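Descriptive structure summary
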Amino acid sequence: MRCIAESLPSILSAPPRGPPPVHLREFEARDLETIASIVEEALHERYEPSLYLSLSEPWPEGFLVAAEPSEHPAGFLLGVSQVEREGRVLMFAVHRNWRSQGIGAFLMDEFLRRAHARGLHRATLEVRVSNASAIRFYTRYGFSVIDLLRGYYSDGENGYQMARDLP
Ligand SMILES: CC(C)(COP(=O)(O)OP(=O)(O)OC[C@H]1O[C@@H](n2cnc3c(N)ncnc32)[C@H](O)[C@@H]1OP(=O)(O)O)[C@@H](O)C(=O)NCCC(=O)NCCS
């Protein structure tokens, strides 16, 4: 007897997911322009270039870039460690043309690995309460809501603070 799954036509099976067509590296000053444009489009914020440089200084390994073969950033995760033994995802975005291809997962996996290797015990982040897709993403990564941050964003929207242990 064959199990039902074996007899289904192969067209019904999910397409294989290959690795995303990017490589991970640390942030470099030449990434500033592209990262600023991703931040503007995805996070609706504009920051001085000097902010990225100063934030990356204490822990350069926490600022990860997913780069196309041309070296252009397709997405990035800016992690900082400002509280003892904690890592915080300060900014995280993938260019809209590159979403849902596993690049966000690639960045988050590496961030959590580096945070753990640095001896950090907890990872935290903030997210808009309306950002259902990001909340789903983070929940899959073991983050859970630990606080409601009223009026946290510049337009007055509430945020959730989410956290997970780094065992
Ligand atoms: C949140 C964000 C960074 C995730 O990046 P991403 O590269 O799209 O993430 P992934 O591709 O790893 O995962 C996204 C989804 O695509 C799916 N996916 C991943 N690879 C896939 C593939 N090859 N084929 C089909 N689906 C795939 C994942 O299962 C996931 O599904 P979900 O919708 O259930 O979560 C991105 O959506 C983004 O930049 N959003 C706007 C900015 C933002 O909200 N940032 C967070 C602020 S706190």
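Conventions adopted
- Residues numbered from 1 in each chain as written.
- Predicted model: local features only at pLDDT ≥ 70, side-chain atom pairs only at ≥ 80, totals over all residues.
- Heavy atoms only, no water.
- Near = heavy atom within 4 Å.
- Polar contact = N/O pair within 3.5 Å; in protein donor to acceptor, adjacent residues only side chain to side chain.
- Areas by Shrake-Rupley, 256 points an atom, 1.4 Å probe, with all protein chains shown as cover.
- 1 Å grid on protein atoms, 1.4 Å probe; cavity = no way out; pocket = protein on both sides within 12 Å on 5 of 7 lines; lining within 4 Å.
- Sits in = over half its atoms within 2 Å of the grid points.
- Helix = DSSP H or I, 4+ residues; strand = E, 2+ residues; numbered from the N terminus.
- Nonpolar A, V, L, I, M, F, W, Y, C, P; charged D, E, K, R; others polar.
- Buried < 20%, exposed > 50% of the residue type's maximum accessible area, 1.4 Å probe, protein only.
- Pairing = 2+ DSSP bridges.
- Axes fitted to C-alpha atoms, helices over the stretch in contact; angles between N-to-C directions.
- Contact = heavy atoms within 4.5 Å.
- Phe/Tyr/Trp six-rings, centres within 6.5 Å; stacked < 30°, edge-to-face > 60°.
- Expected span 1.5 Å × (residues − 1).
- Points joined across faces, edges and corners; volume = space filled by probe spheres on them.

**As for the site of the ligand**
Surrounding the ligand, one finds 21 residues, the nearest of these being Phe92, Val94, Gly102, Gly104 and Asn131. A distance of 2.8 Å is found between an oxygen atom of the ligand and a side-chain nitrogen or oxygen belonging to Arg136. Burial of the ligand by the protein chains amounts to 76% of its free accessible area of 940 Å². Judged by the fraction of its atoms near the pocket grid, the ligand is located in the largest pocket. Put simply, the parts of the chain that give the shell around the ligand at least two residues each are α2 (32-43), β4 (86-94), α4 (103-117), β5 (122-128) and α5 (132-140). Among the elements that take part in the shell around the ligand, α5 stands out by supplying 5 residues, more than any other. A per-class count over the shell around the ligand returns 11 nonpolar, 5 polar and 5 charged.

**Focus: the pairing of strand β2 (residues 63-67)**
Counting buried positions over the 5 residues of β2 gives 5, a clear majority of the element. Where burial is concerned, the two faces of β2 agree: the one with Phe63, Val65 and Ala67 and the one with Leu64 and Ala66 are both buried. Where strand β1 (residues 23-26) and β2 come together, 4 bridges link them in antiparallel fashion. The residue of β2 that forms the bridge with Arg25 is Val65.

**Examining the sheet that holds strand β6 (residues 144-149)**
Strand order in the open sheet formed by 7 strands is β1-β2-β3-β4-β5-β7-β6, and the pairing between neighbours is mixed. Strands at the two margins of the open sheet, each flanked by one partner only, are β1 and β6. This sheet shows a mean twist of 25° between the axes of neighbouring strands, independent of strand direction. When β4 meets β5, the two strands line up parallel, connected through 4 bridges. Looking at the pairing, Val89 lines up with Leu125 of β5. Each of β2, β3 (73-80) and β4 is contacted by α2, which is oriented at about 85° to β3, the strand it contacts most. Strands in contact with α5 are β4, β5 and β7 (159-165); relative to β5, the strand with the most contacts, it is inclined by about 165°.

**Looking at the packing of aromatic side chains**
Centre distance and the angle of the planes are the two values used to describe a pair of aromatic rings. Per the stated rule, a full pass over the model turns up 10 aromatic pairs. Between Phe92 and Phe137, the ring centres sit 5.5 Å apart and the planes meet at 55°, which makes this aromatic pair tilted. Taken together, the residues span a long stretch of sequence, with Phe92 in strand β4 and Phe137 in helix α5 at a distance of 45 residues. Both residues of the pair, Phe92 and Phe137, belong to the buried class.

**Quick notes on α4**
The end-to-end C-alpha distance of α4 is 21 Å, a good match for the 21 Å that 15 residues give at a rise of 1.5 Å each. The complete set of buried residues in α4 reads Ile103, Gly104, Leu107, Met108, Glu110, Phe111, Leu112, Arg114 and Ala115. Immediately downstream of α4, the backbone of Gly119 shows phi near 85°, a positive value.

**Observations concerning the side chain of Arg128**
Mapping Arg128 onto the fold places it in strand β5. Polar side-chain contacts of Arg128 include one of 2.9 Å to the side chain of Asp155. Among residues more than four places away in sequence, those in contact with Arg128 are Glu45, Ile135, Tyr153, Asp155, Glu157, Asn158 and Gly159.

**Some thoughts on the layout of surface pockets**
There is about 1300 Å³ of room inside the largest pocket. What lines the largest pocket is a set of 38 residues, and nearest its centre among them are Phe92, Ala93, Asn131, Ala134 and Tyr138. Counting residues per element, the ones that place at least two in the lining of the largest pocket are α2, β4, α4, β5 and α5. Broken down by element, the residue count for the lining of the largest pocket peaks at 7 residues, all from β4. Along the lines of polarity and charge, the residues of the lining of the largest pocket split into 21 nonpolar, 9 polar and 8 charged.

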